[in-house]
Amino acid sequence: MPDILTDRTIAEASRIAQGLRQSFAGVLQLPLIRDQRASVLARTLGVGRMTCQRIAKLAGDQKPSADLLAEVPGINGLRDFLSALEKAGASSQDLTEANAAVGAFAKFLDDLGLSQTKLAEALSLYYDATDPERLRARREHLFDAAATVTGQSAGATISMMALRPSLEKAFNIEQIAVRGYVGMRASGSAMPIRLPINMAYSDYRNVTSDEAAREPQELIESFCSRPLPSIDSRVIKAEHLAHIINPEHIPTGEPFDCFAKQHSQWNIKDMGNHKAVWLYVDYPTRYCTFDLYVHRNIESLNTVSADCHLWGTSLLAPPEDLWMTRFSDQLGFTVLGPGTSKADSVAYARNQELSQYMFDHYDWDADEFVGFRCEMELPIWRSGMCLVLEEH
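Keep in mind it's a predicted model, so treat the numbers as computed, not measured. (Residues numbered from 1 in each chain as written. Predicted model: local features only at pLDDT ≥ 70, side-chain atom pairs only at ≥ 80, totals over all residues. Heavy atoms only, no water.)

In terms of nonpolar packing, the biggest core is built from 44 residues, with Phe24, Val27, Phe81 and Phe105 touching the most fellow members. Within the residue set of this core, elements represented by two or more residues are α1 (7-27), α2 (38-45), α3 (49-55), α4 (75-87), α5 (96-112) and α6 (116-130). Once residues within four sequence positions are removed from consideration, Phe81 is found in contact with Phe24, Val27, Ile33, Leu41, Leu45, Val47, Thr51 and Ile55. Ranked by size, the runner-up nonpolar core spans 25 residues in total, among them Val277, Ile298, Met385 and Leu387. (Core = buried A, V, L, I, M, F, W, Y, C linked by side-chain atoms within 4.5 Å. Buried < 20%, exposed > 50% of the residue type's maximum accessible area, 1.4 Å probe, protein only. Helix = DSSP H or I, 4+ residues; strand = E, 2+ residues; numbered from the N terminus. Contact = heavy atoms within 4.5 Å.)

Here it is in structure tokens:
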């Protein structure tokens with residue numbers, strides 16, 4: 001089983017690496033070896049050329065990271081190099097700090113019970129799990145694989161909605177929403193594209209279609225590309241739950257944009273303290289943005305946060321079980337504040353314009369609402385992003 005390094009161990013490794021670089025800085029400036037190439041240095045000192053090449057990793061004045069310990073010569077190579085220097089005429093005083101740093105490196109490995117090779121493997125494992133660029137590269141591979149398997153992918157998945165207390169006695173929540181895709185691609189044999197509006201949960205109970213009065217979705221043609229995708233009239237599970245977008249009029253594999261809007265009224269039974277609105281990542285997508293605007297009367301009573309989980313029946317699990325499905329350190333959460341002035345997005349150049357359109361179309365005053373955003377680059381396909389409202 002691979003050795004697992006803790007953050008404390010990484011911090012100690014970084015300290016050891018810093019000690020090596022600082023102590024060898026003076027050594028590498030000794031007249032005997034200064035500015036010599038590895039091949040010349042190897043002949044001068046009678047040590048291996050590879051050792052001399054790896055010694056060069058200790059040059060420079062930038063603060064090193066822990067992975068420097070995997071790049072420098074091993075303990076024996078470092079000691080052989082310093083011993084050869086002393087034999088060639090360097091004074092022991094000039095080498096005191098370097099010898100002490102090598103001793104600290106050796107003790108560090110002994111305390112861990114690892115060889116330098118095993119330390120290099122453990123460091124690679126640590127950075128694979130924590131380095132943002134490495135994590136992004138892995139999600140890029142997942143995106144490519146999922147897009148190939150499904151024959152579908154999007155440049156961006158965009159969702160936005162606004163909630164306010166309903167003015168009608170039969171309902172308690174009124175909602176307007178926009179959902180769509182930017183740069184959607186589909187192969188000739190791929191399934192039609194769904195445009196579902198987000199799901200909601202109250203105290204971990206799915207708010208059902210029986211509690212909703214949904215108006216039909218409508219394409220927002222001014223934000224769709226041309227030719228317009230066609231709308232399939234089939235009903236999905238419940239009336240007006242989702243649009244089916246059939247890209248039959250669009251050349252296979254050509255990207256297209258499609259957005260739909262919808263107005264709904266809700267009579268949510270037993271409104272709990274914990275409310276969650278979910279955006280499911282239905283298709284492989286390079287970027288996902290979910291903006292939730294809540295009326296200031298609702299915002300003043302709730303704390304809003306964001307999370308990302310594996311999509312499945314476990315979304316109905318009690319809170320103590322949700323940690324089993326949670327994806328860590330990928331989701332960005334931003335308070336947009338009142339109105340739509342801060343609704344710009346790197347994922348979609350017209351995001352702020354679309355947000356304001358949503359409010360204007362339904363004649364709602366955006367300044368009465370406070371916006372919250374969760375977003376993610378290369379989200380894991382079939383995961384779920386959610387914005388949570390927890391009553392004070």
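And the narrative resumes.
Right, let's get into the sheet that holds strand β6 (residues 205-206). Read across the sheet, five strands follow the order β6-β5-β12-β17-β14 without closing on themselves; strand pairing throughout is antiparallel. Each of the sheet's edge strands pairs with one partner strand only, and the pair in question is β6 and β14 (302-310). Judged from the nine bridges that link them, β14 and strand β17 (residues 383-391) form a sheet pairing that is antiparallel. Bridge pairing in β17 places Cys308 opposite Met385. (Pairing = 2+ DSSP bridges.)

Further remarks concern the packing of α1 against α4. Any two packed helices are characterised by the angle at which their axes cross and by the distance between the axes. Where α1 meets α4, the axes come as close as 13 Å, and the angle between the chain directions of the two elements is 25°. With respect to their mutual orientation, α1 and α4 come out roughly parallel. Every pair of crossing elements has a handedness; the one defined by α1 and α4 is left-handed. Here α1 contributes Leu20, Phe24 and Val27 to the contact with α4, which in turn contributes Leu78, Phe81, Leu82 and Leu85. When the residues that make up the contact of α1 with α4 are grouped by side-chain class, the tally is seven nonpolar, no polar and no charged. (Axes fitted to C-alpha atoms, helices over the stretch in contact; angles between N-to-C directions. Parallel < 35°, antiparallel > 145°, perpendicular 65-115°, else oblique. Left-handed = near helix turned anticlockwise from the far one by under 90°. Nonpolar A, V, L, I, M, F, W, Y, C, P; charged D, E, K, R; others polar.)

Here we come to α4. With 13 residues, α4 extends 18 Å between its outermost C-alpha atoms, agreeing within 8% with the 18 Å of an ideal straight helix rising 1.5 Å per residue. What α4 keeps buried is the set Ile75, Gly77, Leu78, Phe81, Leu82, Ala84 and Leu85. Where the residues of α4 are buried, they touch α1, α2, α3 and α5. Just past α4, the residue Gly89 takes up positive phi, approximately 125°. (Expected span 1.5 Å × (residues − 1).)

The next thing to look at is the packing of aromatic side chains. Centre distance and the angle of the planes are the two values used to describe a pair of aromatic rings. Applying the stated rule across the entire model yields nine aromatic pairs. An angle of 85° between the planes, with centres 5.2 Å apart, marks the rings of Tyr293 and Phe359 as edge-to-face. Here Tyr293 is found in strand β13 (residues 287-295), whereas its partner Phe359 is found in helix α9 (residues 351-361), with 66 residues between them in sequence. Of the residues examined, Tyr293 reaches a relative accessible area of 0% and is grouped as buried. Measuring from centroid to centroid gives 5.3 Å for Phe359 and Phe369, while their planes differ by 55°, and the two rings are tilted. Of this pair, Phe359 sits in helix α9 while Phe369 sits in strand β16 (residues 369-377); the two residues are ten residues apart in sequence, bridging distant segments of the chain. (Phe/Tyr/Trp six-rings, centres within 6.5 Å; stacked < 30°, edge-to-face > 60°.)

Bringing the environment of Gly113 into the picture now. On the secondary structure map, Gly113 appears in the loop between α5 and α6. Counting along the chain gives 110 residues from Gly113 to Asp3, while the straight-line C-alpha distance between them is 9.9 Å.

The next point concerns the environment of Asn76. Secondary-structure assignment places Asn76 in helix α4. Sequence spacing of Asn76 and Val102 is 26 residues, and the spatial spacing of their C-alpha atoms is 9.4 Å.

This part is about empty space enclosed by the protein. In this structure the tally under the stated criterion is one cavity of 30 Å³ or more. Looking at the largest cavity, its volume works out to about 40 Å³. Residue lining of the largest cavity: Gln175, Ile197, Asn198, Arg214, Gln262, Ser264 and Trp266, and that is the complete set. Residue contributions to the lining of the largest cavity peak at three residues, all from strand β11 (residues 256-266). (1 Å grid on protein atoms, 1.4 Å probe; cavity = no way out; pocket = protein on both sides within 12 Å on 5 of 7 lines; lining within 4 Å. Points joined across faces, edges and corners; volume = space filled by probe spheres on them.)

When charged atoms on two side chains of opposite charge get close, those side chains can pair. Tallied over the full model, the rule gives 14 salt bridges. Across the salt bridge formed by Lys261 and Glu218, the nearest N and O atoms sit 3.5 Å from each other. Taken together, the residues Lys261 in strand β11 and Glu218 in strand β8 (residues 218-219) connect sequence positions 43 residues apart. Judged by relative accessible area, which is 44%, Glu218 ranks as partly exposed. Via salt bridges that share partners, Arg136, Glu140, Arg286 and Glu377 belong to a single interconnected network. (Salt bridge = Lys/Arg side-chain N within 4 Å of Asp/Glu carboxyl O.)

On to α2. Every buried residue of α2 is accounted for by Ala38, Ser39, Leu41, Ala42 and Leu45. For α2, the arc enclosing every buried residue in end-on projection is 165°, short of the 170-degree limit, so these residues lie on one face. Positioned one or two residues after α2, Gly46 has a phi angle of 75°, which is positive. (Arc of directions from axis to C-beta.)

Our focus in this paragraph is the confidence of the model for the protein. Detailed reading of the predicted model is not advised wherever pLDDT is low. With 89% of its residues at a pLDDT of at least 70, the protein reaches an overall mean of 87. Within the protein, α9 carries the highest mean pLDDT (98), whereas strand β10 (residues 242-246) carries the lowest (62). (pLDDT = per-residue confidence, 0-100.)

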